[in-house]
Amino acid sequence: MLRVLLAIASLTVLLLGTSASDAKRFPEILAAPDGPWPEGGSFAVHLCSKGDAWDACGDKDVTPAQRQGIERTLRQMPRITGVHYQSKSEALALLKASFRSASVLRESDMSESFSGRLLRWSDAPAFDSVVKALPGISVTYVWPAPFWEDKADVDITLCDAVGEREPCEGRGQITADEKAAIEAFLRRTKGVKLIYFSDRAHGLRVIKQFNALWSQVIERHPEEKKDDTEPGPLENYFESYHVKLDDPKLAPSFVDAVKHLPGVARVE
């Protein structure tokens, strides 16, 4: 609590101690743009593992020859970059580092995979069709690049009324004073180039755009309920700030400075 009060106090002093002429030197809070959407996307190709649930594997592990063939095909495909192989042990370590509940999992529960980037999203349907037909592959995932990928270096999600995210539990929605303090901090932090504010309506529009792009590749099963893939009501979305830095390498230190501010749910 003391740290929170000190953060608010320091930001208030900073705000009051700045003249109107000085304030003009700081970046303004801009409305979130509606586009354009970044070009490209990402993929993850999971290899067969004995006992997995995918029919394509026939309860068999990928063979060394199949693994080599998959990697060779991926690396030879045009407009594909950053192909990376992940072993079962690496997948398990990553999962355990992110989720406490993953402690019950074993290496045998994991699958090997290849991941990478598509330079053009228009290539996604052809990529998905070719790769998922290769022997030794259990399942392939392809998704568009995130909307903010080429527009911001840091994304700041704010607390909402539900308070489901850990820093916001039991405290309710961000207050106007907390939001003003965050904006004051963002505007006066050295190295900040642009600041965008995304309201709930903008978040909903982004999800709709993402689903429209994704539907170009993903074929919905006839028995799947349409409501399961449709965007939820407006209150399900968060307000957020998106910050472009003069140097993207400053992002880690910037995240550390912002994540403890009152009203902040998540920074990434």
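The rules we used
Residues numbered from 1 in each chain as written. Predicted model: local features only at pLDDT ≥ 70, side-chain atom pairs only at ≥ 80, totals over all residues. Heavy atoms only, no water. Helix = DSSP H or I, 4+ residues; strand = E, 2+ residues; numbered from the N terminus. Buried < 20%, exposed > 50% of the residue type's maximum accessible area, 1.4 Å probe, protein only. Contact = heavy atoms within 4.5 Å. Areas by Shrake-Rupley, 256 points an atom, 1.4 Å probe, with all protein chains shown as cover. Pairing = 2+ DSSP bridges. Axes fitted to C-alpha atoms, helices over the stretch in contact; angles between N-to-C directions. 1 Å grid on protein atoms, 1.4 Å probe; cavity = no way out; pocket = protein on both sides within 12 Å on 5 of 7 lines; lining within 4 Å. Points joined across faces, edges and corners; volume = space filled by probe spheres on them. Nonpolar A, V, L, I, M, F, W, Y, C, P; charged D, E, K, R; others polar. Patch = residues over 30% accessible without salt bridge, like charges linked within 9 Å, V, L, I, M, F, W, Y side chains within 5 Å. Salt bridge = Lys/Arg side-chain N within 4 Å of Asp/Glu carboxyl O.

Participant: Lay out the overall build of the protein in plain terms, naming residues and giving numbers.
Facilitator: Counting secondary structure elements, the protein contains 8 helices and 9 strands. For the protein, the residues scored as buried account for 39% of the 268 residues in total. Restricting the contact set of the protein to residue pairs at least 6 apart, pairs at least 24 apart contribute 80%. Looking at the protein as shown, the accessible area adds up to about 16000 Å², and 55% of this sits on carbon and sulfur atoms.

Participant: Lay out the pairing of strand β4 (residues 113–118) with the relevant residues and their values.
Facilitator: Bridge count for strand β2 (residues 41–47) against β4 is 6 bridges, and the pairing is antiparallel. The residue of β4 that forms the bridge with F43 is G116. Summarising the sheet, strand β3 (residues 80–86) and β4 pair through 5 bridges and their orientation is antiparallel. Residue pairing in the sheet places Q86 in a bridge with S113 of β4.

Participant: Quick rundown of the sheet that holds β4? Include the residues and the values.
Facilitator: Read across the open sheet, the 4 strands follow the order β3-β4-β2-β5; overall the sheet is antiparallel. Each end of this open sheet is capped by a strand with a single partner; those strands are β3 and β5 (137–144). Neighbour-to-neighbour, the strand axes of the sheet open up by a mean angle of 15°, direction not taken into account.

Participant: Which residues make up the layout of surface pockets, and what are the values?
Facilitator: If you add up the space inside the second largest pocket, you get close to 500 Å³. Lining the second largest pocket are 21 residues; nearest its centre among them are W148, V206, I207, H242 and R266. The set of elements that each furnish at least two residues to the lining of the second largest pocket consists of β6 (154–158), α7 (200–214) and β8 (240–245). At 5 residues, α7 tops the list of elements feeding residues into the lining of the second largest pocket. Among the residues forming the lining of the second largest pocket, the class breakdown is 10 nonpolar, 7 polar and 4 charged.

Participant: Lay out a nonpolar patch on the surface in plain terms, naming residues and giving numbers.
Facilitator: Judged by side-chain polarity, W54, Y141, W143, W214 and I218 come together as a nonpolar surface patch covering roughly 480 Å² of accessible area. The residue Y141 is located in strand β5 in this model. The partly exposed category is assigned to Y141, whose relative accessible area is 37%.

Participant: Now, about unusual backbone geometry: what can you tell me, with residues and values included?
Facilitator: Of the consecutive residues G35 and P36, the connecting peptide bond is found in the cis state with omega at -5°. Checked against the element boundaries, P36 lands in the loop between β1 (29–31) and β2. Even without a glycine there, the phi angle at R79 is positive, about 60°. As for its placement among the helices and strands, R79 is situated in the loop between α3 (64–76) and β3. According to the relative accessible area criterion, R79 is partly exposed, its value standing at 37%.

Just distances and angles here, no functional claims.
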